[in-house]
Amino acid sequence: MAHNRSVTAKIKQVILLTSCASLLLCCAGFMTYEYFTSRTRLTNNLTNIANILAMNSTAAITFKNADDAAQVLSALSGQPSIMEAAVYTDSSKLFASYVRLGERPQFPLQPPSGGSVADGSAISVFRPIELNGARIGTLYLRSDLEIINARFRSYAGIAASVMLISLIGGYLVALRLQKNISQPILSLAKTAKHISEGQNYGLRAQHFAQDEFGQLADAFNKMLDEIQRSEETLRAANDSLRASEERFSRFMTNLPGAAWIKDLLGKFIYANDEACRIFNSSPSGVLGKTNSEVFPPNTAEYFDMQDRTAVQHARGIQSIETLFYENDRHHAIFSKFPIFGEEGKPVLIGGIAIDITEQKRAQDDLEESEARFRTVSNAAPVMIWMSGANTVREYFNSPWLEFTGRTLSEENNDKWTTGIHPDDFGATMKTISEAFEKREPFRLEYRLRRADGEYRWVSDHGVPRFTPDGKLLGYIGGCVDTTDRKRAEDLLRQSHEDLEVRVRERTLELARAHAEVRQRDAQLLEAQRKRFADLQQFTGSVQRAQEDERQRIARELHDGVCQNLSGMKLSAEVVEDKVRDVDSNLYRVFRGFVKQCEQMIEEIRRMSANLRPSLLDDFGLVVALQLLAKEFTKQSGVDVALNMDTITRTEINPQSEIALYRIAQECLSNILKYAEPTYVNLTLQKDSTVVTLRVADNGKGFNVAEAALNRSAEHGFGLISMRQRAELSGGTFVVNSTPGEGPVITVEIPLVEEPQYEEESVAR
């Protein structure tokens, strides 16, 4: 019967049979391949998940923290196919477990150290948990095959549907478009082959038309979408793990100091870059090594002793050590401490080291500056004292001790008050206490016992000392013996009383007595002027000593610390260029170090300029004021209008130059802190006799009379300091201001009459 059919029928029959057979074989082959590859892929995915969980469980087993291990396994709740999981110790003891909701656990009693086991309904994976190459436990995962079975059933249904539709549609299509039957099948088979060979699940089957083959292609593509999403999820988990490790590495690398961890055998198991640097070694020269393999014998023995002490006493210890690296001696605070395990016993030894070389050098400089101050203080013709913020006087200069005839220990801690006359004690201590509470200057007179036992009247003047941020450091003051003046005043008063009684009887004698009184007044005034001149001279000496000290510290910062930092920066840039194409992480570290060096150099230069701008010594007052105005604008954002005449070094002496600069600096500093202006004007003009500095702004202003009366820390002390600088240079100081209107500060200092080239050269 088949032989009697027409050729068309035979062709249609051949096409139908061939197409159906080809499609059947293709589906069967693909489903067979997909079944086995799905099982292999599931096994690989479980292995990868097991590897990740094994790595994350290392710390939990090491520190015997079952809660951490259980928390790690709880992440499997996002994997519905995993039936159960467990962490075993190296003795095959169950340490932590996870069981899918509603599942009955079937944990193995003796898990193998590795590999996978498959049965008809599930796949089990075993992975070793290792630390430093040694096995410390086993991770067990068990997953069902429901995903594979469901997918296989879905594919089987799709294949059956395709076969049925192909038989019906093939006959109709074969009438005219036999090639449309084979082309989609071949395209789908080609896509499946490429995916099978290249494992590239980003490929998709071509969609030819909205028919059964198009639906097959869509179903095939949806299957590939699901596979691709699974791989992306796994990739995201791996990326998250790497990010966590990178965060720890960045934290330890950017720690402002050296950090390391050792095991109880004394071997380094971690050391950041700073630790390797101060140990004069590379990471490979430190990790896995002991102190004796890294440091000289004496140093290694001392560090071993510290490690043993920290472990034995179960507490941290600190010490200041000196190390030699980078061709210089460095001081650092070393802190070593035990790291406890789950049982409360030390399992590791941690350590950090903070470099304090610069702080120690600054402390040495401060002590040297303090010694200079004491030398100047002891040479001054005034009894000088200093107190802390608690009102207790803790320093007295030599003139004070010579006056009282007592030692420094006998005067300290308010023992000096035993020398105050009993009648003056209460009022004196009350005035001092009230001044301390208000943080304002004070001036008082009281009787103080001299070394020979005589009580002498002294005039005591104290002013507060503040940190740049306004914190009270204490007071500094000076005393002057005023007994002779007071006796003269008493004598004068007695003379006036006698003259009033005998005025009518002894007019001529009164005239002579009045003349004598005027003469005594003149003498007393002259003596007072002399004492004031001595005090003014001392104040000027202190200010000059302060300026010399500022200049020295500024020069040391600029020529010493700044030059050393510049050398470090150049060395770092050389290394940075060498490692640019070798190690990107190391290059970023050196790039950050170079930027930190640049910031430190800029900060030190700013500090040096605030202490003593080099432009003032090199180019004079005008250039220094221009730089000062520029820095003010940079900090506040407010422009400074400048109006300056040219002033040569022969027209003004160095002391007046410094005084004008410091007054301008104080004015701009107060404007920045309190005024909130939008406009500032700085004028420097000269005529035939004087040079005039004028600073004005449109800020809030203040009450000049109230500030002078109260001498508050905000305005009064600054006004006193500026006025003293102007008067020490033979000039005048005037302030005009009211609240709500910007102040105008005017300073006039006389020009030098004749150029004094030799004196100016010596002064500079």
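Residues numbered from 1 in each chain as written. Predicted model: local features only at pLDDT ≥ 70, side-chain atom pairs only at ≥ 80, totals over all residues. Heavy atoms only, no water.

## Here we look at the overall build of the protein
Note the threshold: Helix and strand definitions here come from DSSP, where helices need a minimum of 4 consecutive H or I residues and strands a minimum of 2 consecutive E residues; each element is numbered from the N-terminal end. Contacts are assigned to residue pairs with any non-hydrogen atoms lying within 4.5 Å of each other. Working definition of accessibility: Shrake-Rupley area with a 1.4 Å probe, residue cover restricted to the visible protein chains.
Of regular secondary structure, the protein possesses 23 helices and 20 strands. Counting only contacts in the protein whose residues sit at least 6 apart along the sequence, the fraction spanning at least 24 positions is 55%. Here the protein displays about 43,600 Å² of accessible surface, and carbon together with sulfur accounts for 54% of that area.

## Notes on a nonpolar patch on the surface
Our working definition: Patch members must show over 30% relative accessible area and no salt bridge, and they are joined within 9 Å when carrying like charges or within 5 Å when they are nonpolar side chains of Val, Leu, Ile, Met, Phe, Trp or Tyr. A side-chain nitrogen of Lys or Arg and a carboxyl oxygen of Asp or Glu constitute a salt bridge if their distance falls within 4 Å. Exposure classes here rest on a 1.4 Å probe applied to the protein chains alone. A residue is buried below 20% of its type maximum, exposed above 50%, and partly exposed in between.
A surface patch of nonpolar side chains, amounting to about 310 Å² of accessible area, comprises Leu-164, Leu-167 and Ile-168. Checked against the element boundaries, Leu-164 lands in helix α4 (residues 146-174). With a relative accessible area of 53%, Leu-164 lands in the exposed category.

## Remarks on the sheet that holds strand β19 (residues 732-738)
Test applied: Pairs of strands are assigned from DSSP output, requiring at least two bridges between the strands. Inter-axis angles, ranging from 0 to 180 degrees, are taken between N-to-C directions of lines fitted to C-alpha atoms, where helices are fitted over the stretch in contact.
Strand order in the open sheet formed by 5 strands is β16-β17-β18-β20-β19, and the pairing between neighbours is mixed. Every other strand in the sheet has two partners, leaving β16 (640-644) and β19 as the edge strands with one partner each. Strand after strand, the sheet turns through a mean of 10° between neighbouring axes, direction not considered. As paired strands, strand β17 (residues 680-686) and strand β18 (residues 690-697) are joined by 7 bridges and run antiparallel to one another. The residue bridging Val-680 from the neighbouring strand is Asp-697, located in β18.

## Focus on the confidence of the model for the protein
Counted only if it meets this: Known as pLDDT, the predictor's confidence for each residue is given on a scale from 0 to 100.
Averaged over all residues, the pLDDT of the protein equals 78, while 84% of them reach at least 70. Note on residues 755-764: pLDDT under 50 across the span, and 10 contacts to partners over four residues away in sequence or across chains.

## Observations regarding the environment of Arg-485
The line we're drawing: In protein, a polar contact requires one atom able to donate a hydrogen and another able to accept it; more generally it is a pair of N or O atoms within 3.5 Å, and residues adjacent in sequence count only if both atoms are side-chain atoms.
With respect to the helices and strands, Arg-485 occurs in helix α15 (residues 483-501). Note on Arg-485: relative accessible area 17%, which makes it buried. The sequence separation of Arg-485 and Asp-521 amounts to 36 residues, and the corresponding C-alpha distance is 9.9 Å. A polar side-chain atom of Arg-485 sits 2.6 Å from a polar atom in the side chain of Glu-489.

## Brief notes about unusual backbone geometry
Non-glycine residue Thr-391 carries a positive phi angle of around 75°. Locating Thr-391 in the fold gives a position in the loop between β11 (383-387) and β12 (393-396). With a phi close to 65°, Asp-414 is a non-glycine residue in the positive phi region. Looking at the element boundaries, Asp-414 is found in the loop between α13 (408-411) and α14 (422-438). Look at Asp-414 and you get partly exposed, because its relative accessible area is 24%.

## Quick word on the sheet that holds strand β5 (residues 134-144)
Here 5 strands make up an open sheet; going across it, the order is β2-β1-β5-β4-β3 and the pairing antiparallel. Every other strand in the sheet has two partners, leaving β2 (94-99) and β3 (115-118) as the edge strands with one partner each. Within this sheet the neighbouring strands show an average axis-to-axis angle of 15°, counted without direction. Note that strand β1 (residues 82-89) and β2 share 5 bridges and pair antiparallel. Its bridge partner being in β2, Ala-86 is matched across the sheet by Ser-97.

## Some details on the packing of helix α19 (residues 621-636) against helix α20 (residues 654-675)
Put simply, the rule reads: Just so you know how the angles are binned, under 35 degrees is roughly parallel, over 145 roughly antiparallel, 65 to 115 roughly perpendicular, and the rest oblique. Note on residue categories: nonpolar means Ala, Val, Leu, Ile, Met, Phe, Trp, Tyr, Cys or Pro, charged means Asp, Glu, Lys or Arg, and polar means any other residue, Gly included.
Their axes nearest at 11 Å, the elements α19 and α20 cross at an angle of 10°. Here α19 is positioned roughly parallel relative to α20, judged by the angle of their axes. Note on element contacts: α20 touches α19 through Glu-657, Leu-660, Tyr-661, Ala-664, Gln-665, Leu-668, Ile-671 and Leu-672, opposite Leu-621, Ala-624, Leu-625, Leu-628, Ala-629, Phe-632, Gln-635 and Ser-636. Among the residues making up the contact of α19 with α20, the classes are represented as 12 nonpolar, 3 polar and 1 charged.

## Description of the pattern of salt bridges
Evaluation of the coordinates by the stated rule reveals 20 salt bridges. Note that Arg-450 and Asp-452 form a salt bridge whose closest N and O atoms lie 2.8 Å from each other. For Arg-450, a relative accessible area of 25% corresponds to the partly exposed category. The salt bridge partner of Arg-456 is Glu-454, with a shortest N-O separation of 3.3 Å. The exposure class assigned to Arg-456 is buried, which follows from its relative accessible area of 7%. Take Glu-454: its relative accessible area is 24%, and that puts it in the partly exposed class. One network of salt bridges, in which partners are shared, links Arg-450, Asp-452, Glu-454, Arg-456, Asp-481, Asp-484 and Arg-487.

## Quick notes on the nonpolar core
Inclusion rule: Definition of nonpolar core: a set of buried residues of the types Ala, Val, Leu, Ile, Met, Phe, Trp, Tyr and Cys, connected through side-chain atoms within 4.5 Å.
In terms of nonpolar packing, the biggest core is built from 39 residues, with Leu-625, Leu-684, Leu-693, Phe-733 and Val-747 touching the most fellow members. Of all the secondary-structure elements, those providing two or more residues to this core are α19, β16, α20, β17, β18, α22 (716-728), β19 and β20 (741-750). Counting residues per element, this core draws most heavily on α20, which supplies 10 residues. Those residues in contact with Leu-684 that sit more than four places away from it in its chain are Leu-621, Val-622, Leu-625, Asn-643, Met-644, Asp-645, Ile-647, Val-691, Thr-692 and Leu-693. Core analysis: the next-biggest nonpolar cluster, separate from the first, contains 26 residues, Leu-42, Ala-60, Leu-76 and Ile-129 among them.

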